[in-house]
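Architecture and fold: a report
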Amino acid sequence: MALTNLTIDPDRLLARLKQLGEIGRDGEGRLIRLAASDADRLGRDRFVAWAKASGLAVKVDRIGNIFALWSEPENAQEAPLMLGSHIDTVIDAGIYDGCYGVLAGLEVVATLKEAGLTPKRPVVVAAFTNEEGVRFSPDMLGSLCFAGGITPEEALAARGTDGKILGEELARIGYAGSDEVARPAAYIELHIEQGPVLEREGVAIGAVENLQGISWQRIILDGVANHAGTTPMTMRHDAGAAAASVITFLQARARASKTGTVATVGTIAFEPNAINVIPARAVFTVDLRDPDEASLKAHEKALADHLAKLEGITVTVERLARFEPVVFDQDLVAEIEMAAKARGHSVRRMTSGAGHDAQMISRITPAAMIFVPSIGGISHNPKELTPDADLVAGANVLLDVVRTLAFR
Ligand code: HGY
Ligand code: MN
Ligand code: MN
Ligand code: MN
């Protein structure tokens, strides 16, 4: 086989994406594979089966991170090249977020093995635990732990939104491992953009050079329940109205931002949650992101100041996650650009709005990401979609970058 025009097997990759995308659907057909859930176990088992079918050694570490390893006697002592992403999902998810990077990584390794090539270093495909952070905080927990940003003990003690403990859940689903995987020589993550830029500009490949900072907080506002009909407006301690003022405040600040700040209150609950009772309590989460660390800090301080001014309301703030902006390895970004151009694809450098495992792994080794377009910029939504041709193009660019980094 002429190795210059080696390409992945598009049918196998696309079929696997669809197959994995059917694992974990609830009674309403929504895709939900929250970290360490039964659905997650089924997805993990499927990934492990495909990895083993390609003759890869499968390792699981203490946090349930799965590593599908291609290692040969002549290269085993070298630091591996790591590909990967995650296969846990949000609630009512699309089928590409995370899964595309993991399955394309597996596809690249299978293609290279089937071509009879032997890399100068091991190649490992990772599926990190709890990237989405919907059930357990912080998000990117598995890759954060692998990168040494949190101890295994702290990570395993994480309590889910359902009160369950991550360590116990991983043991329950059979993914509480003990394997260790060497620090990679480099990390490349292929991912859908989950935003509108590539599609809007008609560009096929994104060479991601940086990733914005993320601040997650849970805020609990305590007021006083009272009668909705008899309590004068001047005598209320309305936790619901206070929460609404926070949401409006954050929206105004983010919309006025010069650095591209985004602010989201994605979850909110009132207690006692009755139509004619002034809310005694409001519990909600704040997701603040900004490519500029000083700006992100300023927004966090402004939020704290706003909370401090809420009269007659008791404020409790829980820190759920805090990650600084990350700049990826410029040499790897250049490799991605060259590989895209060599295949005749349009390519542009860009920032990632979403958090990714690469943000964590870049703490311990040079890392970079490859994006492909998301139709309508939609993600974290069952309408998430990327044209098959773009999915295949991204996987072939990943194949070429792997050949450059891991082969003579
Ligand atoms: O929220 C994020 O950006 C990531 O998908 N957990
Ligand atoms: Mn993702
Ligand atoms: Mn996601
Ligand atoms: Mn993500």
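As a starting point, this report considers the structure included with it.

So, how was this worked out
- Residues numbered from 1 in each chain as written.
- Chains lettered and ligands numbered in written order.
- Predicted model: local features only at pLDDT ≥ 70, side-chain atom pairs only at ≥ 80, totals over all residues.
- Heavy atoms only, no water.
- Near = heavy atom within 4 Å.
- Polar contact = N/O pair within 3.5 Å; in protein donor to acceptor, adjacent residues only side chain to side chain.
- Areas by Shrake-Rupley, 256 points an atom, 1.4 Å probe, with all protein chains shown as cover.
- Buried < 20%, exposed > 50% of the residue type's maximum accessible area, 1.4 Å probe, protein only.
- Helix = DSSP H or I, 4+ residues; strand = E, 2+ residues; numbered from the N terminus.
- Pairing = 2+ DSSP bridges.
- Right-handed = clockwise from strand over helix to strand, strands pointing away.
- Donors = N, O, S within 2.8 Å, 3.2 Å for Na, K, Ca; no water.
- Contact = heavy atoms within 4.5 Å.

Section: the site of ligand 1
Taken together, E131, E132, D139, W216, R289, A354, G355 and H380 make up the full set of residues adjacent to ligand 1. The contact in question runs from a nitrogen atom of ligand 1 to an N or O atom on the backbone of E131, over 3.2 Å. D139 has a polar side-chain atom sitting 3.1 Å from a nitrogen atom of ligand 1. Coverage of ligand 1 by the protein amounts to 95% of the 220 Å² it exposes when considered alone.

Overview of the pairing of strand 4 (residues 123–128)
Of all six residues in strand 4, six are buried; the element is thus mostly enclosed. Every second residue of strand 4 is oriented toward a common face, with V123, V125 and A127 on one face and V124, A126 and F128 on the other, all of them buried. Two elements, strand 2 (residues 66–70) and strand 4, share five bridges in a ladder whose sense is antiparallel. Bridge pairing in strand 4 links I66 to A127. Of the strand pairs in this sheet, strand 3 (residues 81–86) and strand 4 are connected by six bridges, and their pairing is parallel. Within strand 4, the position partnered with H86 by the bridge is F128. In this region the chain leaves strand 3, passes through helix 3 (residues 99–114) and returns to the parallel neighbour strand 4; the handedness of that crossover is right-handed.

Focus on the coordination of the manganese ion (ligand 2)
Distances from the manganese ion (ligand 2) to its protein donors, namely H86 (NE2), D97 (OD) and H191 (NE2), fall within the range 2.0 to 2.3 Å. Between consecutive donor residues of the manganese ion (ligand 2), the sequence gaps follow H-x10-D-x93-H. The distance between the manganese ion (ligand 2) and the manganese ion (ligand 3) comes to 3.5 Å, with D97 serving as a donor to both metals. You can see D97 sitting in the loop between strand 3 and helix 3 and its partner H191 sitting in strand 5 (residues 186–192), a full 94 residues away along the chain. Note on accessibility: D97 and H191 belong to one class, buried.

Quick word on the side chain of S143
Counting through the fold element by element, S143 comes out in helix 4 (residues 141–146). Beyond its immediate chain neighbours, meaning those up to four positions away, S143 contacts N65, F128, D357, M360 and I361.

Shape descriptors only; they carry no functional weight alone.
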